[in-house]
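Structural features, examined
So you can see what is in the structure, the chains are spelled out below.
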Amino acid sequence: MAHHTVKGKRELKRAVYAGSFDPVTNGHLWMIREAVELFDELIVAVGVNPEKHCTFSVEERVALLRAVTGGFSKLRVDVFENQFLVNYAQSIGANYIIRGIRTASDYEYERTMRYINSDLHPDITTIFLLPPREYAEVSSTMVKGLVGPRGWESVIRQYLPEPVYSKLIEMYSSE
């Protein structure tokens, strides 16, 4: 990866990894661990989509992300709303966007978005990461779909970091 220079100084390699993180899964954590190794700074950004019904509030998602990423010194959690991800990335000085690809349909969607983002900000590079097989099918939607039937607690355990698992148990045990 080439380092850009500004007046003889190496430019900070800053990346943004965005999602709804409703809830954050072990698949998200894998992406974060990989990305934090590649960049000088990683911003994990919670995207707010008013059209989408979320299980967790924005504040809860930010708190859970901070709880599971607290050990990474080169990482910060942020929120963005009502703007394209590439415009948000540009506004915070990120020169890279990190996206995960689990399936062929993810690839088709992300490829299209990469070209649109490049049209808007050619200076921002999209980097795709392919998670290992054990995370390829893990998504927030899949995990939430498993909640409810008898024994769901033990089924979802393997897909979630401890603070997220505990929060889901607490939420649904009090109903």
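Residues numbered from 1 in each chain as written. Predicted model: local features only at pLDDT ≥ 70, side-chain atom pairs only at ≥ 80, totals over all residues. Heavy atoms only, no water.

As annotated in an unreviewed UniProt entry, the protein carries the name Phosphopantetheine adenylyltransferase and is attributed to Chromobacterium haemolyticum. Looking at the protein in UniProt, the text filed under Subcellular location (unreviewed entry) is "Cytoplasm". In its Sequence similarities (unreviewed entry) section, UniProt records this for the protein: "Belongs to the bacterial CoaD family." (UniProt positions renumbered as here; feature names shortened; annotations may be inferred.)

1. Considerations on the overall build of the protein
Scanning the protein from terminus to terminus reveals eight helices and seven strands. Expected size for 175 residues packed as a compact globule is a radius of gyration near 16 Å; at 17 Å, the protein falls within 12% of this value. Each principal axis of the C-alpha atoms in the protein carries an extent, and together these give about 60 × 35 × 30 Å. Pairs at least 24 apart in sequence give 74% of the contacts found in the protein among residues at least 6 apart. For the protein, the accessible surface area stands at approximately 9800 Å², while carbon and sulfur atoms represent 50% of it. Of the side-chain charges in the protein, 20 are positive and 22 negative, and the distance between the mean point of each set is 5 Å. (Helix = DSSP H or I, 4+ residues; strand = E, 2+ residues; numbered from the N terminus. Rg over C-alpha atoms; globule rule 2.2 N^0.38 Å. Contact = heavy atoms within 4.5 Å. Areas by Shrake-Rupley, 256 points an atom, 1.4 Å probe, with all protein chains shown as cover. Lys, Arg positive; Asp, Glu negative; His and termini not counted. Charge placed at Lys NZ, Arg CZ, Asp CG, Glu CD.)

2. Section: the sheet that holds strand 5 (residues 75–81)
One open sheet holds the five strands; their spatial order is 5-4-3-6-7, and the pairing between them is parallel. With one partner strand each, in any of the chains shown, strand 5 and strand 7 (125–129) form the two edges of the open sheet. Averaged over neighbouring strand pairs, the angle between their axes works out to 30° when direction is ignored. Relative to strand 7, strand 6 (residues 96–100) is paired through five bridges, and the arrangement is parallel. (Pairing = 2+ DSSP bridges. Axes fitted to C-alpha atoms, helices over the stretch in contact; angles between N-to-C directions.)

3. A short note on the nonpolar core
Judged by nonpolar contacts, the single largest core of 38 residues is most densely connected at Ile32, Leu42, Leu65, Ile98, Ile156 and Leu160. With six residues, helix 1 (residues 26–38) is the largest single contributor of residues to this core. Residues within four places of Ile98 in sequence aside, it is in contact with Ala15, Val16, Tyr17, Met31, Ala35, Phe39, Ile127 and Leu129. Counting 13 residues, the second largest nonpolar core, distinct from the first, contains Val16, Ala45, Tyr88 and Ala89. (Core = buried A, V, L, I, M, F, W, Y, C linked by side-chain atoms within 4.5 Å. Buried < 20%, exposed > 50% of the residue type's maximum accessible area, 1.4 Å probe, protein only.)

4. A closer look at the environment of Arg14
For Arg14, the location among the structural elements is in strand 3 (residues 14–19). Those residues in contact with Arg14, other than ones at most four positions away along the chain, are Glu41, Ile43, Ile92, Gly93, Ala94, Asn95 and Tyr96.

5. Remarks on the side chain of Glu110
Summarising the element assignment, Glu110 is placed in helix 4 (residues 104–120). Here Glu110 falls in the buried class, since its relative accessible area comes to 8%. In contact with Glu110, not counting residues within four places along its chain, are Arg99, Gly100, Ile101 and Phe128.

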